[in-house]
Amino acid sequence: MVTDVDTVTKVRARRLGGGGALVRQLMRDKVGAVGLSIVVLLAAAAALAPVIAPYDPTAMSNQRLAQPGGTFLLGADEAGRDLLSRALYGARTSLAVSLVVVGAAATVGVLLGLLAGFYRGVLDAIITPVTDVMFAFPTLLLALAVVAARGPGTENLILALVLVFIPSFARVVRGTAMSVRREPFVESGQAVGLSNARLIFKYILPNSIAPIAVQFTTSIAYAILIEASLGYLGLGVQPPQPSWGSMLSNGKAFMELSIWPSVVPGVCIMIAVLGFNLLGDTLRDVLDPRLRGRSNR
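In short, a report on the structure. What you are looking at is a predicted structure, and each value in this text was computed from that prediction instead of being measured.

Of note, Thr217 is situated in helix H11 (residues 209-232). What makes Thr217 buried here is its relative accessible area of 7%. Only 2.9 Å separates the side chain of Thr217 from the backbone oxygen of Ala213, close enough to count as a polar contact. Residues contacting Thr217, with those up to four places away along its chain left out, are Phe276, Leu279, Gly280 and Leu283.

Right, here's the structure in full:
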């Protein structure tokens, strides 16, 4: 039997459109097209790094601090390693860590937000203060504290960043769930006897996809930045695995001799963060009807 709740949810889903329609909307926006293009190119570079990288990113040579051109297109670092190859594999590392972190944080945070926003009461009184306390700590400081307590390494880095990003998803989804819960179609579902689990996961969650998608995209940008920051401090991904943050840290000691070991990873970080931020901003405008048409791009 099809209820009024099913009808409303299907209508809202059609308004958002499928994946192809969303991509077309993004490409019609100049800023969105730039952001999407950067993200696609970055993902392709990371996925194809073993194929397109000209050298082994850990292979050393006697051409230390070589300038761009010649044997090494973007130059070499202090150990004679190809900067282009290390930048490609660094993209692989940053994107993999960021996707795992944000995916895990989104899963936990969305669930907590749904429970707090739908049930309110005791659950909300427990979940919300905990997330507020976590928000009271500066993000990088909280990540530093977790990594410092457990030691450097990829696993501890991922754990630290997951804890950092859970509160943002929980807060966003809690507010949306509280708003959607008061909609007439949810009240109709309760009146016809639908279970709370069905209301939450089949109706409230799909109507929360827009803010979750925006939060997911912008969180990846922030995760890349924090991962690079911890790598710069030596608390992130450990050698010999290439990381933009560690490349930047190693290159700073040789700035007077060659700027390229620092410039290359620095530009990569900037472009990656810019791409995801632009994509997130445009997703917000496209998915939120209240913001549609306000910007003349």
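On to empty space enclosed by the protein. The final tally for this structure, using the stated rule, is 1 cavity of 30 Å³ or more. Lining the largest cavity are Asp77, Glu78, Arg81, Leu83, Arg86, Met247, Asn250, Gly251 and Pro261. Sorting the residues of the lining of the largest cavity by element identifies helix H5 (83-119) and helix H12 (244-251) as the ones contributing at least two each. For the lining of the largest cavity, the element with the highest residue contribution is H12, accounting for 3 residues. Within the lining of the largest cavity, the residues separate by chemical class into 3 nonpolar, 2 polar and 4 charged.

Right, let's talk about the nonpolar core for a bit. If you look at soluble globular proteins, the nonpolar side chains tend to sit buried side by side. In this structure, Leu161, Phe165, Ile224, Trp244 and Phe276 are the most contacted members of the largest nonpolar core, which totals 61 residues. Examining the composition of this core, we find that 12 residues originate from one element, H5, more than from any other. The contacts of Leu161, once residues within four sequence positions are left out, are Val97, Val101, Ala143, Ala223, Ile226, Glu227 and Leu230.

Counted residue by residue, H12 has 6 buried out of 8 residues, so it is predominantly covered. Within H12 the residues assigned to the buried category are Trp244, Gly245, Ser246, Met247, Ser249 and Gly251.

Moving on, we get to unusual backbone geometry. The linkage connecting Pro239 with the following residue, Pro240, adopts the cis geometry, with an omega of 5 degrees. Structurally, Pro240 can be placed in the loop between H11 and H12. Phi angles above zero are rare outside glycine, and Leu65 is one such case at about 55 degrees. Tracing the sequence through the fold places Leu65 in the loop between helix H4 (49-52) and H5. Phi at Arg120 is positive, roughly 50 degrees, even though this residue is not glycine. Its location among the elements puts Arg120 in the loop between H5 and helix H6 (121-136).

Calculation rules
Residues numbered from 1 in each chain as written. Predicted model: local features only at pLDDT ≥ 70, side-chain atom pairs only at ≥ 80, totals over all residues. Heavy atoms only, no water. Helix = DSSP H or I, 4+ residues; strand = E, 2+ residues; numbered from the N terminus. Buried < 20%, exposed > 50% of the residue type's maximum accessible area, 1.4 Å probe, protein only. Polar contact = N/O pair within 3.5 Å; in protein donor to acceptor, adjacent residues only side chain to side chain. Contact = heavy atoms within 4.5 Å. 1 Å grid on protein atoms, 1.4 Å probe; cavity = no way out; pocket = protein on both sides within 12 Å on 5 of 7 lines; lining within 4 Å. Points joined across faces, edges and corners; volume = space filled by probe spheres on them. Nonpolar A, V, L, I, M, F, W, Y, C, P; charged D, E, K, R; others polar. Core = buried A, V, L, I, M, F, W, Y, C linked by side-chain atoms within 4.5 Å.

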